[in-house]
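# A structural walkthrough
One letter stands for each residue in the lines below.
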Amino acid sequence: MHIVVVGGGVVGVTTARELLRRGHQVTVLERHPLAGNETSKGNAAQRSYGVVYPWADPSMVFKALPWILQKSGPLKLKVPPSLDAMRFMFATLRYAWSPGLFGLNKRAMLRLGMHSRERFLALEQEHDLAFDGQHRGLLHLASKPEAMDDYRAIHELLNDMGIASRLLTPVQVRETEPGMTGDGPLYGAISYDTDGTGDCHLFSRSLARVCEQLGANFRYDVKVERLVADETRVNAVQLTNADGRLETLEADAFVVCAGCWSPQLVKPLGLRLPIYPIKGYSITVPLHDAAKGPVSTIHDDNFKVVSTRLGDRLRATGFVELADFNRDIPQARIETIKRSVESRFPGCADLAAAETWTGFRPMTPDGPAIIGKGPRDNLFLNTGHGTFGWTLSAGSADVIAQVIDGEEPAVVLDPFRPGRFSE
């Protein structure tokens, strides 16, 4: 079959690779001039297979308001909030208070995370992909004693699911991360031993080149205007090409991997996707003293900032902000991220020279991504991964390819079904 993939971020590129593996002809449509140039470009760089969890967490509801009010709090809300932001927040509250839903969704996301790790390892073994990728684990620090109680419960769940983790003392944390010499509060950590790192942007570009070598057609600088469909099938996509002209592209099947821009494509077909663009910020800076930097990934729960080693660079990321598609980068956000790095890894880099970035995570109000068959026979969706697109991309690409070929997916997809928001 000729299959059109709408979106050339990490989810779209990994989907293209799995479809090529199965012998399909693939065309990828991307509005940027490069693969992985939107949400995939400056993300946290962690492949956190053991950390994935639903956004609609009942325990987070009571923490949200204080965080909004704190000057350096990790949750921000543009005032006055838009109608879209209000809808998203109320939907999240509704899902958070649905009995048992959080636990079911978390286990489903962890299973997909485990599958994604397997697929990443296979891709890295199969192809020579240069993206500063490692699998050296991830540490969630405890800056308060009670955080270790939460980590013990997480440790038990992971053990039940066969996912490797350890509870570390402060001494063991510093042995694992010898560069962490700062004075930030530390009462221990949980180590997700099999988690990984990597530059998602470089990975996406590298894998896109592999796909092109295998016969895929990547068309950049194009904007998909709409899906041309009848009552049963999508027949084509209408797009504005790189020359600014309208064009119609026919295919046998279509996969929407367009992140925050997915809802507008499927809404005319009767499918409502309540994806909201959750804004985040990052800095990337060369390490001038590698021994003082992180070995892998550190989640600083004091500032809710993630610091990751990417070869000879440091990537630090933070904040969850509801501001629609506002791309402004307030200096206060960047300064908070820098303070977190300095409190843990002082002197590792010249933070004044950091490159700043902001981007939008395509978040669903209940948490799981949207993976499965759409409202037409030949329309499929692989989108809405929120903060875990990099982590879950390889696994979700494999299972959507299985769905397209009529096979039983490797992971139960009921929690990810596209039509769940209208049920």
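The subject of this paragraph is the pairing of strand 11 (residues 234-240). Where burial is concerned, most of strand 11 is hidden: five out of the seven residues are buried. Pairing of strand 10 (residues 223-229) with strand 11 involves six bridges; the strand directions are antiparallel. Looking at the pairing, Val224 lines up with Leu239 of strand 11. The hairpin turn running from strand 10 into strand 11, its antiparallel successor, is four residues long. In the sheet, strand 11 pairs with strand 12 (residues 246-250) via five bridges, with the strands oriented antiparallel.

What follows concerns the nonpolar core. A general feature of soluble globular proteins is that nonpolar side chains tend to end up buried together. Residues Leu19, Val26, Phe203, Val255, Ile371 and Phe416 are the most contacted members of the largest nonpolar core, which totals 59 residues. Those residues in contact with Ile371, other than ones at most four positions away along the chain, are Leu112, Leu381, Asn382, His385, Ser396, Val399, Ile400, Leu413, Phe416, Arg417 and Pro418. By size, the runner-up hydrophobic cluster in this structure holds 31 residues, among which are Leu227, Ala251, Leu271 and Leu381.

What follows covers the pattern of salt bridges. Taken as a whole, this structure holds 25 salt bridges when the rule is applied. A salt bridge links Arg313 to Asp132, with the shortest nitrogen-to-oxygen separation between them at 3.0 Å. In this pair, Arg313 is assigned in strand 17 (residues 313-322) and Asp132 in the loop between helix 4 (101-126) and strand 5 (138-141), connecting sequence segments 181 residues apart. The shortest N-O distance in the salt bridge between Asp300 and Arg344 comes to 3.0 Å. Taken together, the positions of Asp300 in strand 15 (residues 297-300) and Arg344 in helix 9 (residues 331-344) put the pair 44 residues apart, joining distant regions of the chain. As far as burial versus exposure is concerned, Asp300 and Arg344 are alike and both buried.

Right, let's get into the sheet that holds strand 11. The strand order 10-11-12 describes an open sheet built from three strands, whose pairing is antiparallel. Bordering the open sheet on either side are strand 10 and strand 12, each of which pairs with just one other strand. Put simply, the sheet's adjacent strands are angled 25° from each other on average, direction ignored.

A contiguous nonpolar patch, built from Phe90, Leu93 and Trp97 and spanning about 340 Å² of accessible area, is present on the exposed surface. Along the polypeptide, Phe90 turns up in helix 3 (residues 83-96).

This part is about the sheet that holds strand 1 (residues 2-6). Spatially, the six strands line up as an open sheet ordered 9-2-1-13-20-19, and their pairing is mixed. Both outer strands of the open sheet, strand 9 (217-219) and strand 19 (370-373), are each paired with one neighbouring strand and no more. Within the sheet, the average angular offset between the axes of one strand and its neighbour, ignoring direction, is 20°. Pairing analysis gives five bridges linking strand 1 to strand 2 (residues 25-29), with the strands arranged parallel. Bridging across to strand 2, Ile3 finds its partner in Val26.

A word on the state of the cysteines. Applying the stated rule across the entire model yields zero disulfides. Cys211 takes part in no disulfide bond, and the closest cysteine sulfur, belonging to Cys257, lies 12 Å away.

With an omega dihedral of -5°, the bond running from Val79 to Pro80 counts as a cis peptide bond. The residue Pro80 is located in the loop between strand 4 (75-77) and helix 3 in this model. Phi at Ala45 is positive, roughly 70°, even though this residue is not glycine. Note that Ala45 resides in the loop between strand 2 and strand 3 (46-47). For Ala45, a relative accessible area of 1% gives the class buried.

About the criteria used
- Along each chain, residues carry numbers from 1 onward, in the same order as the chain's sequence is written.
- Local features are withheld for residues below a pLDDT of 70 in this predicted model, meaning they are given only at 70 or higher, and side-chain atom pairs are given and counted only at 80 or more; totals for whole chains, interfaces and linings count all residues.
- The side-chain values count all of the structure's non-hydrogen atoms but skip hydrogen atoms and water molecules.
- A 1.4 Å probe rolled over the protein chains alone gives each residue an accessible area, and that area as a share of the maximum for its type sets the label: buried under 20%, exposed over 50%, partly exposed in between.
- The helix count covers DSSP runs of H or I at least four residues long, the strand count covers runs of E at least two residues long, and both are numbered beginning at the N terminus.
- At least two bridges found by DSSP between two strands are what make those strands a pair.
- Remark: nonpolar core denotes a set of buried residues (Ala, Val, Leu, Ile, Met, Phe, Trp, Tyr, Cys) joined through side-chain atoms within 4.5 Å.
- In what follows, residue pairs with any heavy atoms lying within 4.5 Å of each other are defined as contacts.
- What makes a salt bridge here is a side-chain nitrogen of Lys or Arg within 4 Å of a carboxyl oxygen of Asp or Glu, nothing more.
- Fitted lines through C-alpha atoms serve as axes, helices being fitted only where they are in contact, and the angles separating the N-to-C directions of these axes extend from 0 to 180 degrees.
- Exposure above 30% relative accessible area and the absence of a salt bridge qualify a residue for a patch, where like charges join within 9 Å and nonpolar side chains (Val, Leu, Ile, Met, Phe, Trp, Tyr) within 5 Å.
- Using a 1.4 Å probe, accessible areas were evaluated by the Shrake-Rupley method; residue-level cover was limited to the displayed protein chains.
- Two cysteine sulfurs form what is called a disulfide whenever their separation falls within 2.5 Å.

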